[in-house]
Amino acid sequence: KIGTTLNVITRTITLRFMKILHTSDWHLGKRLEDFSRIEEQQAVMAEICEIADSENADAVLVAGDLFDTFNPPTEAVDLFYKTLKRLSKNGNRAVIAIAGNHDSPDRIEAPDPLARECGIIFAGYPNSVVQPFELESGLKITQSAEGFLEIQLPNKAIPLRILLTPYANELRLKICLGHDDPEETLQAVLQEKWHALANNYCDEKGVNVLMTHLFVIKKGSELPEEPADEKPILHIGGAQAIHTENIPAKIQYTALGHLHRMHRVDSEPCPVYYCGSPLSYSFAEADQEKFVLLIEAEPGQKASIKEIRLKCGKKLLRKKAFGMEEAVAWLTENQDSLVELTLVTDTFLTAPERKQLSAVHNGIIALIPEVRNAAAMTGNNRQSIDLSKNMEELFSDYFRQEKGQEPNNELLQLFKEILAED
């Protein structure tokens, strides 16, 4: 009898306990300068799927910037749908994805009818309405409204409620949410909308989550930097910063997308987190560790958060080396990385030296020469031009003065072709 009672208690707890995986900012199709990241993206997407399975996640939230551009390359689109299908486990796990500022809302929502058959739910606009459906697995939409859905998950006695606010600029957000007063702040508009949805649909009989792709901060805190090479959303014509105090008290966890560094924004009125991007996408993110977040939640309680570090993907490293010998040694020791190398030398970097560095490491994204006595070598005199030299020699002199290095053969050949055309 004791064993049976314990089994019943365990079963009851399991039915009322939910695990949700939070990820965002995949930026599928993104390159680093001319360097493709697709193989790294394939590896990290597989890793995220493996984490979802090993942790027995009941649902997955993808908080925007699914692609890097409005028109992503075919290989990125292919990876995206394969990843979502694998995450959904043939409709046994709910996957909810919203558009970020890099995404086309219409493109994100286009496959929705087919995606729903796999338990994959898309929202492109702040006022998107998810159409109700039910799968053989037991996954179904039980309630839906603009910016809200309630999901019954397989083998759960409680529903998952999600307030959805995909990215939109300030004007579009206000239009989507039915506000046209130019004097009304975006904070007030969103707070009113979120609180109305929470009051109508959220109680302590389910797990209540907010997911959005906006710039969210704790009021009075220092503004974090937006990612380098990122399309900023906190600027004139872009969305204002939203404050954590605008989030309804009934929300148990807020899943954010946009910032690429994983961090907790606030613990009130609930844990508010950016999970960050799965890969480092600029050298401003050099040495950053990357994560997905596992949210464990039950009705009426604040969610607990488990940070899971991602292992796939090349590290982005910055190095300032003094001389070729140090540069070659460091590059040899850091083969499995992408590199921004600043090379400090006494003379201009020659073409053979550049070739030597490229032979040592095939992941040099940026090579920045820093010549100690460049001014002395060039005379630092823009007025002194030896007109007795031919055009090719003058071009080489100009390039050395402006760039601190010799022009390579390809550039010289291009210059010759231009001269020939002239």
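Here is what the cut-offs are and how they apply
- Residues numbered from 1 in each chain as written.
- Predicted model: local features only at pLDDT ≥ 70, side-chain atom pairs only at ≥ 80, totals over all residues.
- Heavy atoms only, no water.
- Pairing = 2+ DSSP bridges.
- Helix = DSSP H or I, 4+ residues; strand = E, 2+ residues; numbered from the N terminus.
- Axes fitted to C-alpha atoms, helices over the stretch in contact; angles between N-to-C directions.
- Contact = heavy atoms within 4.5 Å.
- Right-handed = clockwise from strand over helix to strand, strands pointing away.
- Salt bridge = Lys/Arg side-chain N within 4 Å of Asp/Glu carboxyl O.
- Buried < 20%, exposed > 50% of the residue type's maximum accessible area, 1.4 Å probe, protein only.
- Parallel < 35°, antiparallel > 145°, perpendicular 65-115°, else oblique.
- Left-handed = near helix turned anticlockwise from the far one by under 90°.
- Nonpolar A, V, L, I, M, F, W, Y, C, P; charged D, E, K, R; others polar.
- Arc of directions from axis to C-beta.

Caption draft 1: Region of interest: the sheet that holds strand E4 (residues 59-62). Read from one edge to the other, the open sheet built from six strands follows the order E6-E5-E4-E1-E16-E17, with strand pairing classed as mixed. Two strands in the sheet have a free side with no partner beyond their single neighbour: strand E6 (120-123) and strand E17 (304-309). Between one strand and the next, the sheet's axes are offset by a mean angle of 20°, whatever the strand orientation. Relative to strand E16 (residues 291-297), strand E1 (residues 18-23) runs antiparallel, the two sharing five bridges. Bridge pairing in E16 places leucine 21 opposite leucine 294. Docked against the sheet, helix H2 (residues 38-54) engages E1, E4, E16 and E17, running at close to 170° with respect to E1. Contacts between helix H3 (residues 74-88) and the sheet are confined to E4, strand E5 (94-98) and E6, with E6 contributing the most and set at about 130° to the helix.

Caption draft 2: Region of the structure containing the pairing of strand E18 (residues 315-322). When E18 meets strand E19 (residues 337-345), the two strands line up parallel, connected through eight bridges. Bridge pairing in E19 links lysine 319 to leucine 341. In this region the chain leaves E18, passes through helix H8 (residues 324-333) and returns to the parallel neighbour E19; the handedness of that crossover is right-handed.

Caption draft 3: Expanded view of the pattern of salt bridges. Taken as a whole, this structure holds 18 salt bridges when the rule is applied. Glutamate 55 is the salt-bridge partner of lysine 306, the closest N and O atoms lying 2.9 Å from each other. In this pair, lysine 306 is assigned in strand E17 and glutamate 55 in the loop between H2 and E4, connecting sequence segments 251 residues apart. Between glutamate 370 and lysine 320 there is a salt bridge, with the nearest N and O atoms lying 3.5 Å from each other. Here glutamate 370 is found in strand E20 (residues 364-371), whereas its partner lysine 320 is found in strand E18, with 50 residues between them in sequence. Looking at glutamate 370, the relative accessible area reads 35%, which means it is partly exposed.

Caption draft 4: Layout of the environment of valine 95. With respect to the secondary-structure elements, valine 95 resides in strand E5. Along the chain, valine 95 and alanine 115 lie 20 residues apart, while their C-alpha atoms are 9.7 Å from each other. Beyond its immediate chain neighbours, meaning those up to four positions away, valine 95 contacts Val60, Leu84, Leu87, Ser88, Gly119, Ile120 and Ile121.

Caption draft 5: Inspection of the pairing of strand E7 (residues 140-145) at higher detail. Two elements, E7 and strand E8 (residues 148-152), share five bridges in a ladder whose sense is antiparallel. Residue lysine 140 lies in a different strand from E8, and its bridge partner there is glutamine 152. Taking the residues between adjacent antiparallel strands as the criterion, E7 and E8 are bridged by two residues, where glycine 147 takes a positive phi near 75°.

Caption draft 6: How the structure looks around the packing of H8 against helix H9 (residues 351-360). Running from N to C, H8 and H9 point in directions that differ by 20°, and their axes come no closer than 9 Å. As judged from the angle between their axes, H8 and H9 are roughly parallel. Our pair here, H8 against H9, has a crossing hand that is right-handed. Each of Met324, Ala327, Val328, Leu331 and Thr332 in H8 lies in contact with H9, whose residues at this interface are Glu353, Gln356, Leu357 and Val360. A class-by-class count of the residues in the contact of H8 with H9 yields six nonpolar, two polar and one charged.

Caption draft 7: Structural context of H8. Every buried residue of H8 is listed here: Met324, Ala327, Val328, Trp330 and Leu331. Projected down its long axis, H8 shows its buried positions confined to an angular sector of 170°, all on one face. Structural note: H8 exposes Glu325 and Glu333 on the side pointing more than 90 degrees away from its buried face. Of the surrounding elements, those touching the buried residues of H8 are E18, E19, H9 and E20.

Caption draft 8: Quick look at the sheet that holds E18. Read across the sheet, three strands follow the order E18-E19-E20 without closing on themselves; strand pairing throughout is parallel. Each edge of the open sheet carries a strand with a single partner, namely E18 and E20. Strand-to-strand twist across the sheet, computed as the mean angle between neighbouring axes with direction ignored, equals 10°. Relative to E20, E19 runs parallel, the two sharing seven bridges. Directly across from glutamate 340, in E20, lies its bridge partner alanine 366. Strands E19 and E20 of the sheet are contacted by H9, whose axis makes an angle of about 145° with E20.

Caption draft 9: How the structure looks around the packing of H2 against H3. Remark: H2 packs on H3, axes separated minimally by 10 Å, with the N-to-C direction vectors making an angle of 10°. When the interaxial angle is binned, H2 and H3 end up roughly parallel. Packed against H2, whose contacting residues are Ile38, Gln41, Gln42, Met45, Ala46, Ile48, Cys49, Glu50 and Ala52, the element H3 presents Glu75, Ala76, Leu79, Thr83, Arg86 and Leu87 at the interface. Its residues placed into classes, the contact of H2 with H3 shows nine nonpolar, three polar and three charged.

Caption draft 10: Unusual backbone geometry, seen in detail. With omega at 0°, the peptide bond leading from glutamate 268 into proline 269 counts as cis. Relative to the elements of secondary structure, proline 269 occurs in the loop between strand E14 (263-266) and strand E15 (272-274). You will see that histidine 27, though not glycine, has its phi angle at about 50°, which is positive. Positive phi is not limited to glycine here, since aspartate 65 has a value of about 50°. Note that aspartate 65 resides in the loop between E4 and H3. By relative accessible area, aspartate 65 is classed as buried at 0%.

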